[in-house]
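This is what each chain is made of:
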Amino acid sequence: VQLQASGGGLVQAGGSLRLSCAASGRTFSGYTIGWFRQAPGKVREFVAAIRWNSRYTYYADSVKGRFTISRENAKNTVYLQMNSLKPEDTAVYYCAAGDRLIVSTVTRPNAYDSWGQGTLVTVSS
């Protein structure tokens, strides 16, 4: 599985960005695609995830109501729409793919076996 994240950039607080994660290399039935982020000096943390073949989505409490994860199966692409951005959202954002994840593992980075290269999001105050 190959993942390519894009869409990061510099935005002012309160602004919006949309990240994309283009997936290739196999069919993704049964997969979960997750977004994680890592700020300087901090551990990688879960942001959001979506099941490839169902309507189920998952969000970290810190982004609920501001971020929306979606997918476009025909393009093998998952999006993360980020609104009302805050300076504390500044981080490198990674997308990841995991096969047949159970609910209790969706938020865990080590449950995912394929990772994209990351895209930097910087939110200025």
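Going along each chain's sequence as written, the residues are numbered from 1 onward. In view of the model being predicted, local features appear only for residues whose pLDDT reaches at least 70, and side-chain atom pairs are presented and counted only at 80 or more, with totals across whole chains, interfaces and linings using the full set of residues. By convention in this description, side-chain values take in all heavy atoms of the structure and omit both hydrogens and water.

Q: If you had to explain the side chain of Thr-32 to someone new, which residues and values would you point to?
A: Inspection of the secondary structure assignment puts Thr-32 in strand E4 (residues 31-38). In terms of polar contacts, Thr-32 uses its side chain to reach the side chain of Arg-51, at 2.8 Å. Any two residues whose heavy atoms approach within 4.5 Å are treated as being in contact. Apart from residues lying up to four places away in sequence, Thr-32 is in contact with Ala-49, Ile-50, Arg-51, Ala-96, Ala-97, Gly-98, Leu-101 and Tyr-112. Only DSSP runs of H or I with at least four residues qualify as helices, and only runs of E with at least two residues qualify as strands; both kinds are numbered from the N terminus onward. Polar contact is defined as a pair of N or O atoms within 3.5 Å, subject to the rule that within protein one atom must be able to donate a hydrogen and the other to accept it, and that residues adjacent in sequence are counted only when both atoms are side-chain atoms.

Q: Before we move on, can you summarise the state of the cysteines with the specific residues and values?
A: Defined by distance alone, a disulfide is two cysteine sulfur atoms within 2.5 Å. Tallied over the entire structure, the rule returns one disulfide. Two residues share a disulfide in this structure: Cys-21 and Cys-95, whose sulfurs sit 2.2 Å from each other. Handedness here is read from the sign of the S-S torsion; for Cys-21 and Cys-95, about 75 degrees, the answer is right-handed. In this pair, Cys-21 is assigned in strand E3 (residues 17-24) and Cys-95 in strand E9 (residues 91-99), connecting sequence segments 74 residues apart. Here the two residues Cys-21 and Cys-95 agree in accessibility, since each one is buried. Exposure categories follow from relative accessible area, calculated using a 1.4 Å probe and restricted to protein chains: below 20% of the type maximum is buried, above 50% is exposed, and the middle band is partly exposed.

Q: Mind laying out unusual backbone geometry, listing which residues take part and the relevant values?
A: Positive phi values are uncommon outside glycine, yet Asn-76 reaches one of about 50 degrees. Considering the arrangement of structural elements, one finds Asn-76 in the loop between strand E7 (67-72) and strand E8 (77-82). Taking the relative accessible area as the measure of exposure, Asn-76 reaches 25% and is therefore partly exposed.

Worth remembering: the numbers are spatial, not functional.
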